[in-house]
Amino acid sequence: MLTPLELTRYARQIIIPGLGEAGQEKLKKACVFLAGAGGLGSPAALYLAAAGIGKIRIADFDTVELSNLNRQVLHWTDDVGRLKVESAASKLRRLNPEVEIEAFNVHMSGENLEKLAAGSDVIVDAMDNLQTRYFLNQVAQILRIPFMHGAVSGLEGRAMTVLPGETACLMCLYRGADVKVKPPVLGATPALIASLQVTEVIKYLTGLGQLLAGRFLIYDGLNMRFAEIQVSRDPHCPHCGSQG
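Residues numbered from 1 in each chain as written. Predicted model: local features only at pLDDT ≥ 70, side-chain atom pairs only at ≥ 80, totals over all residues. Heavy atoms only, no water.

## Let's talk about empty space enclosed by the protein
- All chains considered together, the criterion is met by one cavity of 30 Å³ or more.
- A volume near 40 Å³ is recorded for the largest cavity.
- Counting residues per element, the ones that place at least two in the lining of the largest cavity are β5 (147–153), β6 (156–162) and α9 (188–206).
- In terms of residue class, the lining of the largest cavity is built from five nonpolar, three polar and one charged. (1 Å grid on protein atoms, 1.4 Å probe; cavity = no way out; pocket = protein on both sides within 12 Å on 5 of 7 lines; lining within 4 Å. Points joined across faces, edges and corners; volume = space filled by probe spheres on them. Helix = DSSP H or I, 4+ residues; strand = E, 2+ residues; numbered from the N terminus. Nonpolar A, V, L, I, M, F, W, Y, C, P; charged D, E, K, R; others polar.)

Right, here's the structure in full:
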């Protein structure tokens, strides 16, 4: 049940048609695994906490640097040199004390991601490299947990929702491609893409609307355009080809 304080905190959200108190209670009961506390992870964490997700599990293995601050809005100048997960957890607890925050300062790999993701209802991809994203994608398939993908470069961003056993996965989309170069990033770009990811999380958990499932959304901020590509499952995909 929602407390009187929660009813007040989420009042403007609860009146969204189709969400209501029942939907808010679903958010309160949910656990979201957020992989990354950087450019995408910062705004994603803020909006997940503000929305009332009951438990947010954050993993990252990095410290705050001055060059992060143009986009990683969860970290401030005084946090330079601090562990990102510690900086993130302290801000989120102040933003919404009703939300449980689990912070893990770990280097994410194929060996530990399954443990980190286990028990969560949704995985949010807030990473900055494709190799770790592939590990996340594979874990999502193994555990059958929906996976909200997001990526950015400069003024361009991408998003797709993966429903294991139902839709194309990240490996179907990128087919093992990799990018080694750190991309340029305008701070507003990850903010926009992360907002789309959180919207997908809330829609999935509450049953609202149509998900970005099997649909690859491309944001072109330079020309302010959105494009959408339908992505079909690859029956020979090494990650999801055997899922039914």
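That shown, we press on.
## Examining the packing of helix α3 (residues 20–29) against α9
- Interhelical geometry of α3 versus α9 gives an angle of 110° and a closest axis separation of 9 Å. What the angle tells us is that α3 and α9 run roughly perpendicular. As for how α3 packs across α9, the hand of that crossing is right-handed. Seen from α3, the contacting residues are G23, K26 and L27; seen from α9, they are I202, L205 and T206. (Axes fitted to C-alpha atoms, helices over the stretch in contact; angles between N-to-C directions. Parallel < 35°, antiparallel > 145°, perpendicular 65-115°, else oblique. Left-handed = near helix turned anticlockwise from the far one by under 90°. Contact = heavy atoms within 4.5 Å.)

## Concerning the pattern of salt bridges
- Here the structure, examined in full by the defined rule, presents eleven salt bridges.
- The closest approach of N and O atoms between R82 and D79, which form a salt bridge, is 3.1 Å.
- Taking the relative accessible area as the measure of exposure, R82 reaches 32% and is therefore partly exposed.
- Between E156 and R158 there is a salt bridge, and its shortest N-O distance comes to 2.9 Å. (Salt bridge = Lys/Arg side-chain N within 4 Å of Asp/Glu carboxyl O. Buried < 20%, exposed > 50% of the residue type's maximum accessible area, 1.4 Å probe, protein only.)

## Focus on the side chain of Q197
- Its place among the elements puts Q197 in helix α9.
- Setting aside its immediate chain neighbours within four residues, Q197 contacts L40, V124, D125, M148, H149 and G150.

## Let's talk about the nonpolar core
- Counting 38 residues, the largest nonpolar core has I53, I56, I58 and V201 as its most contacted members.
- Looking at this core, the elements that each hand over two or more residues are β1 (31–35), α4 (41–51), β2 (55–60), α5 (84–95), β4 (122–125), β5, α9 and β7 (215–220).
- Considering every element that reaches this core, the biggest residue donor is α9, with six residues.
- Discounting residues that sit within four places of it in the chain, I58 has contacts with L34, G36, A37, V85, A88, L92, I101, E102, A103 and F104. (Core = buried A, V, L, I, M, F, W, Y, C linked by side-chain atoms within 4.5 Å.)

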